[in-house]
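Residue-level listing of the chains:
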Amino acid sequence: MSDRSLAHLDPLGGARVVDVTPREPTHRRALARCRVAMLPETTTLVANNAITKGDVLAAARIAGIQAAKRTAELIPMCHPVLVGSIAVNFFIGDDYVEVEAQVETVDRTGVEMEAMTACTTAALTVYDMCKSSDRTMTIEHVALWEKSGGRSGPWRRPETSS
């Protein structure tokens, strides 16, 4: 096994946070997406800002931004990162709301977890705001779509034909 595969274990097998202090800060960016599948009637209510709890997308955007800033408090081995930019956006389809979160920083470690946390928390907020209208909703396809910066360089999820 390589040392890299055991980065979160000390020599005795205990958990540890990876030492990033020798790394140079670089510009880093991550983009995550997920989808909240719902009944078409529910997407119409969201699009028309007619959900009784209030503005679903505004609440979800704020929740996602807040979550990205607190990621290190939720994910045990995640470094606290001073994020420079967080954007949470939505696309409303016929029977879903797609959530996209982009996070940027200049730091010694990446922001993939911040983008994924923003995305999923925004999706959970959409669910919470709409659950009285639609109990059938599901949160699907949570994935990192792009990242840049750091030792491993840029990465982009391949587009699929499905």
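The model shown is predicted, which means the values in this text are computed figures rather than measured ones.

Trainee: Give a detailed account of the packing of aromatic side chains, specifying residues and quantitative values.
Mentor: Overall, the coordinates contain one aromatic pair when judged by the stated rule. Both rings, one in F91 and one in Y96, keep their centres 6.2 Å apart while their planes meet at 40 degrees; by these two values the pair is tilted. Given the relative accessible area of 46%, F91 is considered partly exposed. In this structure, R35 packs its charged tip against the face of Y96, placed 3.6 Å from the ring centre. The lysine or arginine in question, R157, covers the ring of W145, its NZ or CZ lying 5.8 Å from the ring centre.

Trainee: Help me get a handle on the pairing of strand β1 (residues 26–37), residues and values and all.
Mentor: Working note: regular strand, side chains alternate between the two faces of the sheet. The pairing of β1 with strand β3 (residues 96–107) spans 12 bridges and is antiparallel. Bridging from a neighbouring strand, C34 pairs with V99 of β3. The sheet contact formed by β1 and strand β4 (residues 138–148) spans eight bridges and is antiparallel. Its bridge partner lying in β4, A37 is registered against T138.

Trainee: Mind laying out the layout of surface pockets, listing which residues take part and the relevant values?
Mentor: Empty space within the second largest pocket amounts to approximately 330 Å³. Together, 12 residues line the second largest pocket, and R35, E98, H141, W145 and T160 are the ones closest to its centre. Elements with a contribution of two residues or more to the lining of the second largest pocket: β1 and β4. Residue composition of the lining of the second largest pocket, grouped by class: four nonpolar, three polar and five charged.

Trainee: Pulling in residues and values, what's your account of the pattern of salt bridges?
Mentor: Evaluation of the coordinates by the stated rule reveals seven salt bridges. Of the charged contacts, one joins R35 and E98 as a salt bridge, the two residues approaching to 3.6 Å between their closest N and O atoms. Residue R35 is located in strand β1, and its partner E98 is located in strand β3; the two are separated by 63 residues in the primary sequence. On the accessibility criterion, R35 (25% relative accessible area) is partly exposed. The salt bridge involving D128 is made with K131; its shortest N-O contact spans 2.8 Å.

Trainee: Go over the environment of A32 with me, naming the residues and quoting the values.
Mentor: Looking at the element boundaries, A32 is found in strand β1. For A32, a relative accessible area of 0% puts it in the buried group. Sequence separation of A32 and A143 is 111 residues, and the distance between their C-alpha atoms is 5.7 Å. Leaving out residues up to four positions away in the same chain, A32 has contacts with V99, E100, A101, A115, M116, C119, A143, L144 and W145.

Trainee: Give a detailed account of the sheet that holds β4, specifying residues and quantitative values.
Mentor: Within a sheet, each strand pairs with its neighbour through backbone hydrogen bonds, oriented either parallel or antiparallel. What the five strands build is an open sheet, ordered β2-β3-β1-β4-β5; its pairing is antiparallel. In this open sheet, the two strands that pair with only one neighbour each are β2 (85–92) and β5 (155–156). Packed onto the sheet, helix α2 (residues 56–69) meets β2 and β3 and runs at close to 145 degrees relative to β2. Across the sheet, helix α4 (residues 112–130) touches β1, β2, β3 and β4, and the angle it forms with β1 is around 25 degrees.

Trainee: Give a detailed account of helix α1 (residues 40–47), specifying residues and quantitative values.
Mentor: The set of residues buried in α1 consists of T42, T43 and V46. Buried residues of α1, viewed axially, fall in a sector of 100 degrees; they line one side. In the stretch just after α1, N49 is the one whose phi turns positive, near 50 degrees.

Trainee: Hey, could you go over the nonpolar core for me, with residue numbers and the actual values?
Mentor: What tends to happen in soluble globular proteins is that the nonpolar side chains get buried as a cluster. V46, V56, V88, F90, V99 and V126 are the most contacted members of the largest nonpolar core, which has 31 residues in total. Residue assignment for this core shows that the elements contributing at least two residues are β1, α2, β2, β3 and α4. Element by element, the count of residues in this core is highest for α4, at eight residues. Leave out the neighbours within four places in its chain, and V46 touches M38, I51, V56, L57, I92, V97 and C130.

How each quantity is defined
Residues numbered from 1 in each chain as written. Predicted model: local features only at pLDDT ≥ 70, side-chain atom pairs only at ≥ 80, totals over all residues. Heavy atoms only, no water. Phe/Tyr/Trp six-rings, centres within 6.5 Å; stacked < 30°, edge-to-face > 60°. Buried < 20%, exposed > 50% of the residue type's maximum accessible area, 1.4 Å probe, protein only. Lys NZ or Arg CZ within 6 Å of the ring centre and 35° of its normal. Pairing = 2+ DSSP bridges. Helix = DSSP H or I, 4+ residues; strand = E, 2+ residues; numbered from the N terminus. 1 Å grid on protein atoms, 1.4 Å probe; cavity = no way out; pocket = protein on both sides within 12 Å on 5 of 7 lines; lining within 4 Å. Points joined across faces, edges and corners; volume = space filled by probe spheres on them. Nonpolar A, V, L, I, M, F, W, Y, C, P; charged D, E, K, R; others polar. Salt bridge = Lys/Arg side-chain N within 4 Å of Asp/Glu carboxyl O. Contact = heavy atoms within 4.5 Å. Axes fitted to C-alpha atoms, helices over the stretch in contact; angles between N-to-C directions. Arc of directions from axis to C-beta. Core = buried A, V, L, I, M, F, W, Y, C linked by side-chain atoms within 4.5 Å.

Nothing here speaks to function; it is all geometry.
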